[in-house]
Every structure is written in C-alpha cells, then in structure tokens.
Amino acid sequence: MTALKLTNVCKSFGEVEVLRDINLEVEDGEFVVFVGPSGCGKSTLLRVISGLEDATSGTIEIGADIVNQVSPSKRGIAMVFQSYALYPHLTVRDNMALALKQERKPKDEIAERVAEAARMLSLGDYLDRRPSELSGGQRQRVAIGRAVVREPKLFLFDEPLSNLDAALRMNTRLEIARLHRQLSASMIYVTHDQTEAMTLADKIVVLKDGHVEQVGAPIEVYNNPANRFVAEFIGSPAMNFIPAERLGGVAGQQIGVRPEYSKIGETGRIEGQVIHVEKLGGDTNILVDVGSSSTFTARMFGQYEIETGSHIGIDFEDAHCLRFDAQGNRV
Amino acid sequence: MNKARRNPLNTALAHVVLITYTVIALFPVFVILINSFKTRKAIFREPLAMPNADSFSLIGYQTVLKQGDFFLYFQNSMIVTVATLFFVLLFGAMAAFALAEYRFKGNTLMGLYLALGIMIPIRIGTVAILDLMVSTGLVNTLMALILVYTAQGLPLAVFILSEFMRQVSDDLKNAGRIDGLSEYTIFFRLVLPLVRPSLATVAVFNMIPIWNDLWFPLILAPAEATKTLTLGSQVFIGQFVTDWNAVLSALSMAILPVMILYMIFSRQLIRGITSGAVK
Ligand SMILES: Nc1ncnc2c1ncn2[C@@H]1O[C@H](COP(=O)(O)OP(=O)(O)O)[C@@H](O)[C@H]1O
Ligand SMILES: [Mg+2]
C-alpha cells in the first residue's frame, strides 16, 4: 500500500511558483529523503503534505484518502521541526501528551504511550523538566518523542539535525534510523545534507527549484545521476567535470568523473598543477588545476605526500565516466 | 559578553549617566512628595527643605480625604485605566496576530490603515466623539472614557505587537496546529506568553497618558460620579487661590497606583522571556 501519493502538486505564493508539478509515491514503511539546496522548496513541500499550507493544485493522498481538505491534526501525520518547536510552558511529559489529550484519548492510554516513547528515546529522567532545562539533543529527542506518541501513518522530519553539533548529529541520525526499523513506519525526511540523505534513505528525492530532478535508491542516484545537477549535488567531494573535447569526445558535452575513481601518476589522460592538498588522514583530496573552468579533485585512499605546485597526471577508466550534454542531461 | 561591556571604566560611566538621569527625572516627584507633608508657609519659604518637626503637617492629606469623593475618583481612574489596558492588549494582540499570521487580501493595507492612527491625534475628533457619545447616551459614563482610550491606544499596540508576533517561531505555531490546537489556543497559550514583554511595554506606554488625561474626562465625563482623579484634583486649583497643600497631596497619592501598575508590568518585562522553547 502507498502511505503517501502526490499527484501534480503545485504551490505558488502569489506570483512565485515554489513547487512545480510534483508527482511522488511513498510506500508503507519506506524512508524517503527529500534533498536539495536551501530554498528549493523542501519545507514547503513538507508543509503542503502536512496541511499547514494548501496546495495550489494537485491532490495529496495519505493512506488511501485524499486529504486536500483535511486539517493537519486529522491527517494522521506527525512532524518534527528543525527548531524543535517544543511548548515552552509544558513539561516534557505534557509536551508529548498534548496531541493525545486533544484527541481525548483515555488517561491511562496517554500515560502508557508517553512512557513507551520516553523509554524508546531514553527520556525517562527528564519527563518532569521543561524544555528550557534540556540540552539541544534532548530537546530534539523530545520533539521526536512527541511525534512517536501519536503513532502517525506518516512521520515528517524537517531538517531535524541542523541545529545540533556534529557528534550529536551522528548519534541522533542513528537513533532516527533505529526508530524507523523499530516502528517500521513511513517517514519523510527533509535535509540539505547529502550525507544524511545517503545514510538514512530507502529512496532519495532530489529537488531543485521546486521540481523533482530524480527519484531513486541512494546508490542508484549516486551511480546513475539523471543529470548534471544531481551528479554535482550528490557525493562529496563533488563530481569533476571536464569538456569532452579534451578527451576526444563530442564538442559541447561534459564528462563527469567522481573524485574517488581517479588515479594519479607522472602523466595521465589529463594533466595539471596541484593547487591544494587536503590530508584527512583516511584519505587525501588533491585539487588540481587542469585548465578547465573548475579544478579537478582527485580523492585518494590513504596518505600521500604531494607538493603543491607540482605537475601531475590523472587517469580514470571510461567505465567510470558519465556524459552530459550542453543542457546538463545524461547521454 | 563583549570586552567593552566588561570594562570597569565604561560600566562606571554608564552608571553615572543613568544615575544622573534618574535623579533629574525623580527630582520633581521628590519635591512634590516632601512638600505635601509641609505647612503652606513652609512650602513657600523653603520649597526644597525636608519637612521637620516645625513644618510637618498633614493638612493637605486631610483636606483631600475630607473633600468630596476622593476615593471615588481614585476608583474611577483605576477602572478606566485597567479596563482600557485590558481591551487595548486583548484587541491589539488579536489584531496583531491576524496581521502577522494570516495571509489575506488587504493585509498590508489593513496594517497601514491601523498604523495611520498613530500619526493622527484622537483629540482632533473630539467634537465628533462628543456628538457620538451624546447620541449613544454614553456621556458621563466611564464606558465613554474606556472606549475612547481604547481607540487611542490600539494603533500603536497593533503596530508594536505585530512586529513582535512576527518573531514568534512559525514552527511552534505549526507544531500546535499539527497537535490539534485551535487558533485561539495557539494565540492564548503559545503566542501571548512569548510576547509578554512586548505586552508589558504596550501597557506601560498606554497607562500613564490615560491616568494623567484631563481632556476627555472634562469633556465626556465631568459628572461627580464619573470624575477621574486628575479631574477631581482640579477643585483645589482655583482661579484666585490654589490650595497647594491639597494639590500636592492629591498628586502624591495619584502617583501610587501607577507606580504599582508599573512595577507589575516591569517585572513581566524582565521575567517574561521564556527561553529554550525554540533553539
Ligand atoms: N510563506 C511564504 N511566502 C512567500 N514565499 C515563500 C513562503 N514560504 C517559502 N517561500 C519561498 O519558497 C521557497 C522555498 O522555501 P522552502 O520550502 O523553505 O525551502 P527549503 O526548505 O528547501 O530551504 C523560497 O524561495 C522561499 O522564499
Ligand atoms: Mg527548509
């Protein structure tokens, strides 16, 4: 069964078209990540799904029902916000219980569900504290707990980790992945961070300017990007692009090579001057000026001693080359 | 904390400036207070001297308390001020919330229209207002004053509050909507507590001009039963003789309630900020 189905969804604010013709299906139990640069309409899409904004046109189905006219609280969704958005005047317990109280659930059921969510997210010790007495990571766990107690058909996360520091981000990411396995619930997760997208998703939806660029499994999107935008956006360091003519290809086309597929030597298919070396310990990124508009980044596994300013050659196999036409589409 | 703020010289300078200002601002109040406890002769002989065994007198207070319905005036002023503040804050905050939160046709226009009231003094419309009050039979009621002061206070209140309401996190309101809270609950339980400092600001701005106003009480509610404190105190200021003891005593007592109200609101100003909700 599909948990969510969007058909031809458009959204404009006055003259400005923010979402253009979005078609999408989310299967039951699937973890779908919306990824795209800031301002591409990810949050707007999430707000349209949740009912906080009305779609200008198109239909939104959650479960099997069309919910265009249904209010947010009745759509069977729960949302976790980047800014936590906890109720400042309520304790952790009441923050989590509020939605159930609004639904007039029996008291013991509320208590039970809150206790269960608190156990799952190890919030048991903080139930009587107020949000201001919690750290950032704890607050975000409470926000997640508030979503969990509602037992929604669909979870919506809007950049939930952006306000956390790196270590906490990693932990909370693992926690969300674990939660997804435990609850086997359908989840939609918005991020501009492609590491989060790659690590969490069953299915990635790449957005640009309110338009879906590509939908697919993370590895599929990585190996087989539909166009230059996706190829550049997914993967870090970003893919290298070289004019095809330099490698004896068709004029106007670009060849894309991922940094990790390059080998360095005295000479190679392209050559240039090393302008910077990033030694990360585990791997080494070598930035080479190869005379095209952007620099070429070679990512080598292990540690290398290379002088900036030295001349090196770079080799890569044809099997690892992707071709893009002048419009940026794959050929 | 940045360096400049921690520099002791800067701190000292800031304090000197602030204390100077406080002294200048409090001086007239102080003079009124000390003179209200002196005999009439002592007031004129040495206005700046503290009351001593010789010059001490409660004659002013006795006159004021004996004269007419001083407590009634007090009560009238209190009712008018508190009721006005309540309505200004309630309606001002509601209008501000609507302007800040909802996208509807004419939103900006409505905001500008309301802001226009800040620039046009309400006294220009006195004749029309009096007309209106006469035909609605509201002359010589406290309601007349409350209505006029509410109208007078709303523009600035809406203007200030909508600015603050825009700063309340959208996520928080949206979280409430998803949890099934009504717009009223979101407004009263989530938004209002977060803008409490700005409510206190608006209250303080509105309170003092209303408390001190002589114009509208004189025109709209001069009857004995509806006199406000400012209007009531005028009986001691005569064309030929002014009972300074009584005037000073009346003024001293009039300071008290505003001071209490001010203290209530300024505590809110400081305490109100509930951190940790967002971020
Ligand atoms: N309420 C609104 N009114 C007008 N424009 C908006 C509104 N909300 C978002 N936008 C515009 O829609 C675009 C997408 O915003 P958003 O969905 O927040 O992007 P993202 O979450 O991907 O960073 C932005 O250009 C933003 O300016
Ligand atoms: Mg966003």
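Since this is a predicted model, take the numbers as computed values, not measurements. (Residues numbered from 1 in each chain as written. Chains lettered and ligands numbered in written order. Predicted model: local features only at pLDDT ≥ 70, side-chain atom pairs only at ≥ 80, totals over all residues. Heavy atoms only, no water.)

**As for empty space enclosed by the protein**
Unoccupied space between atoms shows up once a probe the size of one water molecule is rolled over them.
Part 1: If you walk through the whole model with that rule in mind, you get two cavities of 30 Å³ or more.
Part 2: Here the largest cavity defines a volume of roughly 60 Å³.
Part 3: As for the largest cavity, its lining consists of A78, M79, F81, R146, A147 and R150 of chain A together with A175, I178 and D179 of chain B.
Part 4: Split by residue class, the lining of the largest cavity holds six nonpolar, no polar and three charged.
Part 5: As a volume, the second largest cavity reaches approximately 50 Å³.
Part 6: Along its surface, the second largest cavity is lined by S77, V80, T81, Y149, I210, W211, D213, P217, T228 and T230 of chain B.
Part 7: Secondary-structure elements contributing two or more residues to the lining of the second largest cavity are α5 (70-101) and α11 (196-212) of chain B.
Part 8: Looking at the lining of the second largest cavity element by element, the count peaks at three residues for α5 of chain B.
Part 9: Its residues assigned to classes, the lining of the second largest cavity shows five nonpolar, four polar and one charged. (1 Å grid on protein atoms, 1.4 Å probe; cavity = no way out; pocket = protein on both sides within 12 Å on 5 of 7 lines; lining within 4 Å. Points joined across faces, edges and corners; volume = space filled by probe spheres on them. Nonpolar A, V, L, I, M, F, W, Y, C, P; charged D, E, K, R; others polar. Helix = DSSP H or I, 4+ residues; strand = E, 2+ residues; numbered from the N terminus.)

**Things to note about the site of ligand 1**
Part 1: Surveying the vicinity of ligand 1 reveals the residues F13, V18, S38, G39, C40, G41, K42, S43, T44 and R47 of chain A together with R103 of chain B.
Part 2: In this structure ligand 1 sits where residues from chains A and B come together.
Part 3: At 2.6 Å, a backbone N or O of G39 of chain A approaches an oxygen atom of ligand 1.
Part 4: Measuring from a nitrogen atom of ligand 1, one finds a side-chain N or O atom of R103 of chain B at 3.2 Å. (Near = heavy atom within 4 Å. Polar contact = N/O pair within 3.5 Å; in protein donor to acceptor, adjacent residues only side chain to side chain.)

**Describing the pairing of strand β17 (residues 311-315) of chain A**
All names here are of chain A.
Part 1: In this sheet, β17 lies alongside strand β13 (residues 263-265) in antiparallel orientation, the contact comprising three bridges. Directly across from K263, in β17, lies its bridge partner D315.
Part 2: Pairing of strand β14 (residues 270-279) with β17 involves four bridges; the strand directions are antiparallel. By the bridge assignment for β17, G272 is matched with I312. (Pairing = 2+ DSSP bridges.)

**Concerning the interface of chain A and chain B**
A common way to state how big an interface is: give the accessible area lost once the parts meet.
Part 1: Counting from both sides, the interface comprises 28 residues of chain A and, opposite them, 21 residues of chain B.
Part 2: Of the roughly 2000 Å² buried at the junction of chain A and chain B (both faces included), carbon and sulfur atoms supply 60%.
Part 3: Residue E53 of chain A is joined to R103 of chain B by a salt bridge in which the shortest nitrogen-to-oxygen separation is 2.8 Å.
Part 4: Summed over the shared surface of chain A and chain B, the number is six residue pairs in polar contact (both at pLDDT 80 or more).
Part 5: If you list the elements that add at least two residues to the side of chain A that touches chain B, you get α1 (42-50), β6 (77-80), α2 (92-102) and α4 (136-148) of chain A.
Part 6: By residue class, the composition of the side of chain A that touches chain B is 15 nonpolar, eight polar and five charged. (Contact = heavy atoms within 4.5 Å. Buried area = accessible area lost by both parts, 1.4 Å probe. Salt bridge = Lys/Arg side-chain N within 4 Å of Asp/Glu carboxyl O.)

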